[in-house]
Amino acid sequence: MGGLQKKKYERGSATNYITRNKARKKLQLSLPDFRRLCILKGIYPHEPKHKKKVNKGSTAPRTFYLLKDIRFLLHEPIVGKFREYKVFVRKLKKAYGKTEWSSVERLKENKPAYKLDHIIKERYPSFIDALRDIDDALCMCFLFSTFARTGKCHVQTIQLCRRLTVEWMNYVIASRALKKVFISIKGIYYQAEAMGQLITWLVPYQFSHDHPTDVDYRVMATFTEFYTTLLGFINFRLYHSLNLLYPPKVSWTLKQSQMKLSALSASLARVVSTAEEDEAELDQFPVDGEDMANMEAREKEQKQEEAQKKLFEGLKFFLNREVPRESLAFLIRCFGGEVSWDKSVCIGSTYEVKDETITHQIVDRPNIDKQYINRYYIQPQWVYDCVNAKIILPVEDYFLGVTLPPHLSPFVEEKDGDYVPPEKLKIMALQRGEKPAHEQEDEEEEEEEDEEEEEEEEEDDNEEEGDDGEEAEEKNLKKMEEQRSQGKSLSVKVTAGKVKVENPARLEQEEKAEEKRLAIMMMKKKEKYLYDKIMFGKKRKVREANKLAAKRKAHDDAEKSKKKARK
Amino acid sequence: MSSFTEVRPSVLQVAPPASVQHKRRRNVFLFPQSSNMAPSRRTKRVVASQPGFLNLKSSSGAAGLPSIRRKRVNKNKKKNWNKHSDINDVTEFLEDVRHQERTIGGLLSDKSDDNLFFLDVGQPKKAEQKVAEPVDGKKRKGKAVRPLRIDLILQHDSLVPPPKDVLAYQQPNAKKLRRIGQKAEQLAAKGVVPRRQKQLLNRRPADRTAKKAVTEANNNPDREYYDIWGQECESKDTADPWYLQQTGKKRVKRPEKLNEKPSVLPAVEVIAPGGSYNPDFFSHQALLQEAHEVEVKKQKEEDKIERQLAVNKEHIATEETILREQVEGLVEEENEEEAPNEEEEGVAVGAITVAEKKTERQRKKERAYKVKEQLRQANRYQNDKRQQLFQLRSIKTSIKQEEQETKDKQKQRKAKQEAQKAQPRRLGKLKFKAQDMEVQLSDELAGSLRQLKPEGSVLKDRFKSLQKRNLIEPRERAKFKRRLKLKYVEKRAFREIT
């Protein structure tokens, strides 16, 4: 019908994408440089919807970028720096080849370098944006700070990472922002809350590196380069939000490995005295009815939080040489405790073992020779569990040589009806302020009973959530039947009648239950069907949880019997 | 002179008395121009006849007497003077003087007798030599002092000192400079600072900060940070934005779309509760179960490939099949099938026959039938349409059903898309491969934090997380490619042993 013939691949998705190699050529960069640029600028490859169209008919697997992204990269001033650096390397090589040492020196002095500040500002226009993306930065910095000088990455990078991580930890300590800790087989997970953002990071164990071969160190180093810049700026801002001096006054001249600890034991210099910025109380607004309850709840919550922040206040810890010093010192100081360690292990210790005021000594060996009578000797897990439970747990379970209760993950949040391990139930009970009837003798049995009680409680709870009181009645009936069957003969008796006391609360409850039943009756067929389905799902969950609990009990029993047999 | 027992000339010949020599020389230079005789012979004769001149090469004088007939030459032209005047004796004489200067450092005739002669007292006594030697020997023990012959040859042996380079000692504008210096001294004594120096002093100190402004490396551990989000107004913003844009000084605005993350996955995925160092029994079992399932899946895939690659037993040659193959073609079988084949061929040939032509009547009939059929179809269609009025309810339900189906499909597609968002995309040659799960078996679990053995590598975990979130494409490590092939050769020594 007239007009020019349309050619293939000249419009549509084929023109929106560009292959990696083409992009590289367009920018006149080598592949490593291109990769570095993309990482720094936050431009990632893209998988097109219709690969064959984009690939101009070929189905070969290729890496694609959006053409607009690459066009955007063309304006980046760093590209010029990359080219300069290439020339610099070439000149340096030549000078080395000719053994012209003076020119080598001169070239090295004028080594081209670039800044990432403008990229940070561009990628994170506001501070909160940056804070949301800090998880990665923290993980990477903590990871690199544990590296040894193996030549896998630049020594300066490692030192910078150490500095930044120490600064971050000091911020967390100063702001008491730590929420959760989890010791996993991989490393230690921490979670803190800064400016309303939950920040999770992973710290590897010391000396646990076997450098894997299938990891591209160059890529990782580039990410780290970017993240160190980001973390530095964030630290600056966070310190200033607390009226702290940045950079903190820590003697950097100390040996790097020791630096961390010594920094952790010292407190930071403040710009303004602390007294005035302490706890601004929630403003009171005149509110009505329903909001009042909410407000009260919130206030209570806040009070609780404040109390949690001072978890270890007044306690004095001493770390034995075999425990992970850095992590524990960080935790204890996060919650206001005092901490010290042996002078010979590391610098920065503030008091010695002989100090009479020490309340807890953290030990990780089966027994210890010389014990002071006025302090607890506990295993390190106690500290972690306390932090997660947000209360000071009873120390008995964590004494030396005692088999520890499991270390539960604080990152799991159970919904109602899920299986909750009994240990957690116990902790929850403690949190509610219920005192477990603990006595030294018959400890095990007591424990069992406790668990049972709790399980029953849980069941009861579930049933209450379940629709009606009928089941409860049925249960009562069943119990009676059982009692009867146990008694074998039905004892017929006439007892004196009792005055039925009308319990208003109970009446109210009954009324509610009645209402609910009626509501169910009034439901449409379709809705009823849905409702039944939901209820069925809930019940199934409960059933499964019960099953697991029963299994657990069986397992525990088996263990116990084994123990007894051994004894 | 004769009073000594023996007198030897120290150089070559006996030197004449100095005063005579000088006079002679002056004569020699003047003579050729004034005389009319053949200059060479005349000078020679004259010089030789002079008393006191000592000729070094005495032979030349005796043998050099020309016996050739004189040639007549016009002497009124300078050209002829140059051409035919004999200057040999002059040059010879000059040469001789130069030679004397070189070898003795002056004219022989100028030297005093003490310089030219020495007293020969015969061989020195050997005893003295022997006493002297050990002293020398001690000194020489370190290294032989005797110079090399080549050094001797190359030594500067002329006694004429090299001419002084006057220019090297001269200073241009020496006088002027001296005067300026003197004046400056005078002024300094008075305490007056010259204008130039004043200017220098008044000038601002050079920008030392300029050197500091060189950007330091990004990984400098002492680098400084500042409030990057606080400072709102930069100096650039005050300038005309249009100007900045046109001159390329304004940064291109980053598109909003780039700030979206390519994956919805969180940066840090916390390990399952079973991964605790001291896990709860059930959560640990759950994690083990998960790991087990992953392993089973892998095993299944491997098994599948193995099964597919396995050799089919039916394809393996048995004795029977081998025998049949060997005898193939040797034993003749009666072909009964050939005969029917031929028949078929005959039929096939017969089938290609031209269809008979239709008559006019047949065509008419066909046409009428066609029209009728069309009419019938149209009627039927109309009828059906009318009938649909009564099927409204069923139609409605069917429409509803269809709509429901499309809705369901939409929902499914949406859900699938959502699920896809969390999945790693295919970004290159390789697909994303999740790393092995970190699991410790029940007997590997440590009783205490001290005995804990870390599982897996955090570095790898981070790297895989980046890949999983589509930040980088999964890649294989670049393999080292040898440009030239290696050739292995046993060394000779090694070969001898083996």
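Residues numbered from 1 in each chain as written. Chains lettered and ligands numbered in written order. Predicted model: local features only at pLDDT ≥ 70, side-chain atom pairs only at ≥ 80, totals over all residues. Heavy atoms only, no water.

An unreviewed UniProt entry annotates chain A as Pescadillo homolog originating from Sander lucioperca. According to UniProt, the comment filed for chain A under the heading Sequence similarities (unreviewed entry) is "Belongs to the pescadillo family." UniProt annotates chain A under Function (unreviewed entry) with the comment "Component of the PeBoW complex, which is required for maturation of 28S and 5.8S ribosomal RNAs and formation of the 60S ribosome." (UniProt positions renumbered as here; feature names shortened; annotations may be inferred.)

Enquirer: Help me out: how do you make sense of the overall build of chain A in this one?
Expert: A tally of helices and strands in chain A yields 21 helices and nine strands. Every one of the 567 residues in chain A was classed for burial, and the buried ones make up 42%. Split by element, the accessible area of chain A, about 33800 Å² in all, is 51% carbon and sulfur. (Helix = DSSP H or I, 4+ residues; strand = E, 2+ residues; numbered from the N terminus. Buried < 20%, exposed > 50% of the residue type's maximum accessible area, 1.4 Å probe, protein only. Areas by Shrake-Rupley, 256 points an atom, 1.4 Å probe, with all protein chains shown as cover.)

Enquirer: Looking at this structure, I do not really get a positive patch on the surface. What am I missing?
Expert: Residues and elements named next belong to chain A. Taken together, the side chains of Arg83, Lys86, Arg90, Lys91, Lys94, Lys98 and Arg106 make up a positively charged region of the molecular surface. Per element, the largest residue contribution to the positive patch is five residues, and it comes from helix 6 (residues 77-97). Turning to its location among the elements, Lys91 is positioned in helix 6. For Lys91, a relative accessible area of 48% translates into the label partly exposed. (Patch = residues over 30% accessible without salt bridge, like charges linked within 9 Å, V, L, I, M, F, W, Y side chains within 5 Å. Salt bridge = Lys/Arg side-chain N within 4 Å of Asp/Glu carboxyl O. Lys, Arg positive; Asp, Glu negative; His and termini not counted. Charge placed at Lys NZ, Arg CZ, Asp CG, Glu CD.)

Enquirer: It is not clear to me how the pattern of salt bridges should be interpreted in this structure. Could you clarify?
Expert: If the charged atoms of two oppositely charged side chains come close together, the side chains can form a pair. Taken as a whole, this structure holds 38 salt bridges over all chains when the rule is applied. Between Arg36 of chain A and Asp33 of chain A there is a salt bridge whose closest N-O contact spans 3.1 Å. Linking Arg36 of chain A with Asp33 of chain A, this pair stays in helix 3 (residues 31-41), spanning three residues, or about one helical turn. In this structure Asp33 of chain A comes out as buried when scored by relative accessible area, which is 12%. The residue Lys186 of chain A makes a salt bridge to Asp461 of chain B at a minimum N-O spacing of 3.2 Å. Of this pair, Lys186 of chain A sits in the loop between strand 3 (178-183) and strand 4 (187-194) while Asp461 of chain B sits in helix 20 (residues 458-468), on two different chains. Sharing partners across several salt bridges, the network here consists of Lys41, Glu76 and Glu122 of chain A together with Arg254 of chain B.

Enquirer: I tried to follow the pairing of strand 4 of chain A on my own but got confused; where do I start?
Expert: Regular strands have side chains that alternate between both faces of the sheet. Residues and elements named next belong to chain A. For strand 4, the buried fraction is high: seven of the eight residues fall into the buried class. Of the pairings in the sheet, the one linking strand 3 to strand 4 comprises five bridges and is antiparallel in character. Note that in strand 4 the partner of Leu178 across the bridge is Ala192. Adjacent in sequence and paired antiparallel, strand 3 and strand 4 are bridged by three residues. In this sheet, strand 5 (residues 197-204) lies alongside strand 4 in antiparallel orientation, the contact comprising eight bridges. Looking across to strand 5, one finds that Ile188 is bridged to Val203. Between strand 4 and strand 5, which follow one another and run antiparallel, lie two residues, and Met195 among them has a positive phi close to 55°. (Pairing = 2+ DSSP bridges.)

Enquirer: How should I be thinking about the packing of helix 15 (residues 325-334) of chain A against helix 16 (residues 381-389) of chain A in this particular structure?
Expert: Between two packed helices, what matters for the description is the angle formed by their axes and the separation of those axes. All names here are of chain A. For the pair helix 15 and helix 16, the least separation of the axes is 10 Å and the interaxial angle reads 40°. As the angle between them shows, helix 15 and helix 16 are arranged oblique. In this structure, the crossing between helix 15 and helix 16 has a hand that is left-handed. On helix 16, the residues that touch Ser327, Leu328, Leu331 and Ile332 of helix 15 are Val383, Tyr384 and Val387. A class-by-class count of the residues in the contact of helix 15 with helix 16 yields six nonpolar, one polar and no charged. (Axes fitted to C-alpha atoms, helices over the stretch in contact; angles between N-to-C directions. Parallel < 35°, antiparallel > 145°, perpendicular 65-115°, else oblique. Left-handed = near helix turned anticlockwise from the far one by under 90°. Contact = heavy atoms within 4.5 Å. Nonpolar A, V, L, I, M, F, W, Y, C, P; charged D, E, K, R; others polar.)

Enquirer: Would you mind showing me how to read the interface of chain A and chain B here?
Expert: Quoted interface sizes are often the accessible area lost when the parts come together. Facing the 102 residues of chain A at the interface are 71 residues of chain B. A per-residue breakdown of the area chain A buries against chain B is headed by Ile185, Lys186 and Phe233 of chain A, which together make up 11% of the total. Connecting chain A to chain B are 14 salt bridges. In this structure, Arg223 of chain B and Asp117 of chain A form a salt bridge, with 3.7 Å as the shortest nitrogen-oxygen distance. One can count 35 residue pairs in polar contact (both at pLDDT 80 or more) joining chain A with chain B. (Buried area = accessible area lost by both parts, 1.4 Å probe. Polar contact = N/O pair within 3.5 Å; in protein donor to acceptor, adjacent residues only side chain to side chain.)

Enquirer: Can you help me understand the state of the cysteines in this one?
Expert: The term disulfide refers to a covalent linkage connecting the sulfur atoms of a pair of cysteines. Residues and elements named next belong to chain A. Summed over the entire model, instances satisfying the criterion amount to zero disulfides over all chains. Here Cys141 is not disulfide-linked; the sulfur of Cys161 is the nearest cysteine sulfur, at 4.2 Å. For Cys141, a relative accessible area of 0% puts it in the buried group. (Disulfide = S-S within 2.5 Å.)

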